[in-house]
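# Close look at the chain arrangement
Next come the chains, spelled out residue by residue.
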Amino acid sequence: MHNEYSEIELREMISNLRLVKDFEGKLTDESEIDLTTYELLLENHLNNKYKEIDEWLNKLINKNGITKY
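So, a few notes on the structure that sits alongside this text. (Residues numbered from 1 in each chain as written. Predicted model: local features only at pLDDT ≥ 70, side-chain atom pairs only at ≥ 80, totals over all residues. Heavy atoms only, no water.)

On to the environment of Arg 18, then. Residue placement: Arg 18 occurs in helix 1 (residues 7-24). Under the relative-accessibility criterion, Arg 18 is labelled partly exposed at 43%. The spatial distance from the C-alpha of Arg 18 to the C-alpha of Ile 8 is 15 Å, given a sequence separation of 10 residues. Not counting residues up to four positions away in its chain, the partners in contact with Arg 18 are Leu 35 and Glu 39. (Helix = DSSP H or I, 4+ residues; strand = E, 2+ residues; numbered from the N terminus. Buried < 20%, exposed > 50% of the residue type's maximum accessible area, 1.4 Å probe, protein only. Contact = heavy atoms within 4.5 Å.)

As structure tokens, then:
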């Protein structure tokens, strides 16, 4: 499970596991671990994504100055 998943893949796997959990009322221990792992991977992915955007915006502001809206 150390593969690199895209945001879309993670969202789909999380959604599928949550649907199974809602339908059956529970997941196996292994599936619960998978769900938690995918949720943490998605959170980490999003944190990195927003960090990259923040860095890009900061470089743009430093280069061009602050823009008023």
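Having seen the structure, we can now continue with the description.
In this structure, Leu 10, Met 13, Ile 14, Leu 17, Leu 27, Leu 35, Tyr 38, Leu 42 and Leu 46 together form the largest nonpolar core, which totals nine residues. For this core, the secondary-structure elements that each account for two or more residues are helix 1 and helix 2 (29-64). Ignoring any residue separated from it by four or fewer positions in sequence, one finds Met 13 in contact with Tyr 5 and Tyr 38. (Core = buried A, V, L, I, M, F, W, Y, C linked by side-chain atoms within 4.5 Å.)

For the rest of this paragraph, the subject is the packing of helix 1 against helix 2. Interhelical geometry of helix 1 versus helix 2 gives an angle of 145° and a closest axis separation of 9 Å. Relative to helix 2, the crossing made by helix 1 is left-handed. Only Ser 31, Glu 32, Asp 34, Leu 35, Tyr 38, Glu 39, Leu 41, Leu 42, His 45, Leu 46 and Lys 49 of helix 2 make contact with helix 1, whose side of the interface consists of Glu 7, Leu 10, Arg 11, Met 13, Ile 14, Leu 17, Arg 18 and Lys 21. (Axes fitted to C-alpha atoms, helices over the stretch in contact; angles between N-to-C directions. Left-handed = near helix turned anticlockwise from the far one by under 90°.)

The next thing to look at is helix 1. Taking 1.5 Å as the rise per residue, helix 1 with 18 residues should run 26 Å; its terminal C-alpha atoms sit 26 Å apart, in good agreement. For helix 1, the full list of buried residues reads Glu 7, Leu 10, Met 13, Ile 14 and Leu 17. For helix 1, the angular spread of the buried residues around the axis is 135°, confining them to a single face. Opposite the buried face of helix 1, by more than 90 degrees, sit the exposed residues Ile 8, Leu 19, Asp 22 and Phe 23. Tucked into the core, helix 1 has its buried residues touching helix 2. Once helix 1 ends, the next one or two residues include Gly 25, with phi positive near 85°. (Expected span 1.5 Å × (residues − 1). Arc of directions from axis to C-beta.)

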